[in-house]
Amino acid sequence: MITHTHDPLFFNASINRVKYSKNGSSDKNCPFCDKAQQANIHRIQDDMVWLDNKFTTIEKSQMTVLIESAEHEGDIVTYDQAKNRELFKFAFSCWQEMIDSKEYHSVIMFKNFGPMSGGSLRHPHMQIVGMADVDAYEEIGTDNFVGLEVRKFENLEVNISERPIMGLAEINIILRGDENLDAFADAVQASARYYMNDFLDGRCDSYNLFFYRIHGKAICKIVPRFLTSPYFIGYKIPQVFTDERMQEIAEELRARL
Ligand SMILES: [Zn+2]
């Protein structure tokens, strides 16, 4: 048993209460549809907007939101290829700008989609969060990104974690260097579509994307979301599928990449 774990993030509950009571989740109250509600904008490109999150719930952090599209019901799963590639280019550029500012110990980027993902707003968005004192990668190991190979081409690799962070089937998309961001965007889109449309006969309605910049690589981990396993909540024991099922998933995904 280890004696020390990750320092917690301090969650500011009073701010979060305002968020839910004011906005709810409906279209007409959506703060990302309503341009009048958008302030502290950092960058705009086409219908994508990168701005401060008004509702900062984590202390000593800069929380920002990247609105992906003007379309309230949009998502990576449904954008056409060109739109999805533009989104990745824009998001990576915003993320890098925050990393380059050197004001934060860690800058993380992620996306919640669907009721089980931890997100509170339907409107498609990513979050880019700079944390002053937290090393976000402290408990993440390089073994969390290796696994059963699905496909490898040029500087891009797609695999399914054999040592997932939480489980069960975490897809890793790994880009070495900065070339081929379009192919990276395509692979993330194909994987998200696989989880939302085909995996478990379409019973999965939520996913997360987590982005990492480690050792000169850009990594996206795609996690389909269900009720979290008590093995993980209580004991931090991740679950994996059997080898046989993992091979099946790899085959199904390979056919879509
Ligand atoms: Zn909206």
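What counts and how
Residues numbered from 1 in each chain as written. Predicted model: local features only at pLDDT ≥ 70, side-chain atom pairs only at ≥ 80, totals over all residues. Domains from an automatic or database assignment. Contact = placed C-beta atoms within 7 Å. Helix = DSSP H or I, 4+ residues; strand = E, 2+ residues; numbered from the N terminus. Nonpolar A, V, L, I, M, F, W, Y, C, P; charged D, E, K, R; others polar. Expected span 1.5 Å × (residues − 1). Core = buried A, V, L, I, M, F, W, Y, C linked by C-beta atoms within 7 Å. Buried ≥ 20, exposed ≤ 12 C-beta atoms within 10 Å, placed from the backbone. Pairing = 2+ DSSP bridges. Axes fitted to C-alpha atoms, helices over the stretch in contact; angles between N-to-C directions. Parallel < 35°, antiparallel > 145°, perpendicular 65-115°, else oblique. Left-handed = near helix turned anticlockwise from the far one by under 90°.

1. With respect to the domain arrangement of the protein chain
Consideration 1: We note that the domain assignment places domain 1 (13–131) and domain 2 (142–254) within the protein chain.
Consideration 2: Averaged C-alpha coordinates put domain 1 and domain 2 at centres separated by 22 Å.
Consideration 3: Contact residues are listed per partner, giving 18 residues for domain 1 and 20 residues for domain 2.
Consideration 4: Elements with a minimum of two residues in the side of domain 1 that touches domain 2: helix 2 (81–100) and strand 4 (106–113).
Consideration 5: The class makeup of the residues in the side of domain 1 that touches domain 2 is ten nonpolar, five polar and three charged.

2. What to know about helix 2
Consideration 1: Here helix 2 contains 20 residues, and its C-alpha end-to-end distance of 28 Å stays within 8% of the 28 Å for a straight helix at 1.5 Å per residue.
Consideration 2: In this fold, the buried residues of helix 2 make contact with strand 1 (41–45), strand 2 (48–52), strand 3 (61–67), strand 4, strand 5 (125–131) and helix 3 (181–198).
Consideration 3: Trailing helix 2 by a residue or two, Lys102 shows a phi angle of about 60°, which is positive.

3. Some thoughts on the nonpolar core
Looking at soluble globular proteins, one finds that nonpolar side chains tend to be buried together.
Consideration 1: Among the nonpolar cores identified, the biggest contains 51 residues, and Leu66, Ala91, Ile128, Ile173, Val188 and Ile222 are the most heavily contacted of them.
Consideration 2: Looking at this core element by element, the count peaks at eight residues for helix 3.
Consideration 3: Counting the residues that make up this core, at least three belong to each of domain 1 (13–131) and domain 2 (142–254).
Consideration 4: Discounting residues that sit within four places of it in the chain, Ile173 has contacts with Val158, Phe184, Ala187, Val188, Ser191, Ile219 and Cys220.

4. Quick look at the sheet that holds strand 10 (residues 217–224)
Consideration 1: With antiparallel pairing, the ten strands of this open sheet are ordered in space as 1-2-3-5-4-9-10-8-7-6. Of all strands in the sheet, those with a lone pairing partner are strand 1 and strand 6 (147–153), marking the two edges. This sheet shows a mean twist of 15° between the axes of neighbouring strands, independent of strand direction.
Consideration 2: The strands that helix 5 (residues 243–254) touches are strand 6, strand 7 (156–161) and strand 8 (171–176); relative to strand 6, the one it contacts most, it runs at about 20°.

5. Overview of the pairing of strand 5
Consideration 1: Taking burial as the measure, the seven residues of strand 5 include five buried ones, the bulk of the element.
Consideration 2: In this sheet, strand 5 lies alongside strand 3 in antiparallel orientation, the contact comprising seven bridges. Within strand 5, the residue paired with Ser61 across the bridge is Met131.
Consideration 3: Here strand 4 pairs with strand 5 via five bridges, running antiparallel. Residue pairing for strand 5: Val107 is matched across the bridge by Gly130.

6. What to know about the packing of helix 2 against helix 3
Consideration 1: Running from N to C, helix 2 and helix 3 cross one another at 115°; their axes reach a closest spacing of 9 Å. Here helix 2 is positioned roughly perpendicular relative to helix 3, judged by the angle of their axes. Crossing of helix 2 against helix 3: the hand is right-handed. Here Gln81, Asn84, Arg85, Phe88, Lys89 and Phe92 of helix 2 lie close against helix 3, whose contacting residues are Leu181, Asp182, Phe184, Ala185, Asp186 and Gln189.
Consideration 2: Classifying every residue of the contact of helix 2 with helix 3 gives five nonpolar, three polar and four charged.

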